[in-house]
Amino acid sequence: MSDPGIDGLVHALRRFADERDWGQFHTPKNLAMALAGEVGELLAELQWLTPEESARVMTDPEAGGRVRAEIGDVMIYLVRLADALGVDLVEAATDKLADSARRYPVERARGSAAKAPGA
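Participant: What is the right way to look at the overall build of the protein chain in this model?
Facilitator: Check the secondary structure of the protein chain and you find 6 helices and 0 strands. In the protein chain, the succession of α and β elements from N to C terminus is α-α-α-α-α-α. Its C-alpha radius of gyration of 17 Å places the protein chain more than 25% over the 14 Å reference for a compact globule of 119 residues. Across its three principal directions, the C-alpha atoms of the protein chain cover 50 × 35 × 25 Å.

Participant: I would appreciate a short explanation of helix α2 (residues 28-46) in the present structure.
Facilitator: Two residues of an α-helix separated by three or four positions point the same way, owing to the 3.6 residues in each turn. When the terminal C-alpha atoms of α2 are compared, their 27 Å separation across 19 residues agrees well with the 27 Å that a helix rising 1.5 Å per residue should span. Where the residues of α2 are buried, they touch α4 (61-85).

Participant: It is not clear to me how the packing of aromatic side chains should be interpreted in this structure. Could you clarify?
Facilitator: In this description, a pair of aromatic rings is defined by centroid distance and the angle of the planes. Within this structure, the stated rule accounts for 1 aromatic pair. Ring geometry for Phe 16 against Trp 22: centres 5.6 Å apart, planes inclined by 75°, an arrangement best described as edge-to-face. With a relative accessible area of 38%, Phe 16 lands in the partly exposed category. Taking the ring centre of Phe 16 as reference, the NZ or CZ of Arg 20 above it sits at 3.5 Å. Over the ring of Trp 22 we find Arg 20, and its NZ or CZ is 5.9 Å from the ring centre.

Participant: Explanation requested: α4 in the structure shown.
Facilitator: With 25 residues, α4 ought to run about 36 Å at 1.5 Å a step, and its terminal C-alpha atoms sit 36 Å apart, in line with that. Residues Ala 63, Gly 64, Val 67, Glu 70, Val 74, Val 79, Arg 80, Leu 81, Ala 82 and Asp 83 constitute the buried set of α4. Structurally, the start of α4 carries an N-cap: the backbone nitrogen of Glu 62 is 2.8 Å from a side-chain oxygen of Asp 60. Gly 86 lies just past α4 and shows a positive phi near 70°.

Participant: Looking at this structure, how should I read a nonpolar patch on the surface?
Facilitator: Where nonpolar side chains cluster on the molecular surface, the patch consists of Phe 16, Trp 22 and Phe 25 and spans about 300 Å² of accessible area. Of the residues examined, Trp 22 reaches a relative accessible area of 35% and is grouped as partly exposed.

Participant: Before we go on, may I ask you to explain the pattern of salt bridges in this structure?
Facilitator: Two side chains that carry opposite charge are able to pair once their charged atoms sit near each other. This structure, assessed with the given rule, holds 7 salt bridges. As a salt-bridge pair, Asp 83 and Arg 80 come within 3.4 Å of each other at their nearest N and O atoms. Of this pair, Asp 83 and Arg 80 both sit in helix α4, 3 residues apart, which is roughly one turn of the helix. Across the pair, exposure class does not vary: Asp 83 and Arg 80 are buried alike. Across the pair Asp 99 and Arg 103 runs a salt bridge whose closest N-O atoms are separated by 3.6 Å. One end of the pair, Asp 99, and the other, Arg 103, are both in helix α5 (residues 89-103), 4 residues apart, so they sit about a helical turn from each other. Classification of Asp 99 by relative accessible area gives partly exposed; the value is 25%. Because the salt bridges share partners, they merge into one network encompassing Arg 14, Arg 80 and Asp 83.

Calculation criteria
- Residues numbered from 1 in each chain as written.
- Predicted model: local features only at pLDDT ≥ 70, side-chain atom pairs only at ≥ 80, totals over all residues.
- Heavy atoms only, no water.
- Helix = DSSP H or I, 4+ residues; strand = E, 2+ residues; numbered from the N terminus.
- Rg over C-alpha atoms; globule rule 2.2 N^0.38 Å.
- Expected span 1.5 Å × (residues − 1).
- Contact = heavy atoms within 4.5 Å.
- Phe/Tyr/Trp six-rings, centres within 6.5 Å; stacked < 30°, edge-to-face > 60°.
- Buried < 20%, exposed > 50% of the residue type's maximum accessible area, 1.4 Å probe, protein only.
- Lys NZ or Arg CZ within 6 Å of the ring centre and 35° of its normal.
- Polar contact = N/O pair within 3.5 Å; in protein donor to acceptor, adjacent residues only side chain to side chain.
- Patch = residues over 30% accessible without salt bridge, like charges linked within 9 Å, V, L, I, M, F, W, Y side chains within 5 Å.
- Areas by Shrake-Rupley, 256 points an atom, 1.4 Å probe, with all protein chains shown as cover.
- Salt bridge = Lys/Arg side-chain N within 4 Å of Asp/Glu carboxyl O.

Here's what the structure looks like:
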C-alpha cells in the first residue's frame, strides 16, 4: 500500500493476528461478515439521531467515544479484508474516486443525489 500510515496499520494488524494464530479465521468471508457486523454497530450508534444530532455526535464524550470505537473496528476489518485479498486500499479508493468523477461530472451532479444512469 502506498500510504505509510496504511502500510503501518496493515503490518500491525497482520502481526497482531499472526501472534494469536488468528489467520486461520481471517478468511475473506469471515472478515467481510465481521466488517458488516461492525458497520451495523456503527449504524446503531447513529440510528435514531436527527441529522443535526448526528453531525454533532463527536461533541458528546460518551457517544463520540462509542462512534470512534466503532469506526476503528470498521477500519480494522476493512484493512484486514483488503490484506487477505491482496487489495491496495489507497489504489482501490483512488481508482473508485476516478470512476465516480467520470460517472458524476460536476456539471451534472452538483447538488444532486441522483444515481448515475447504469450505476
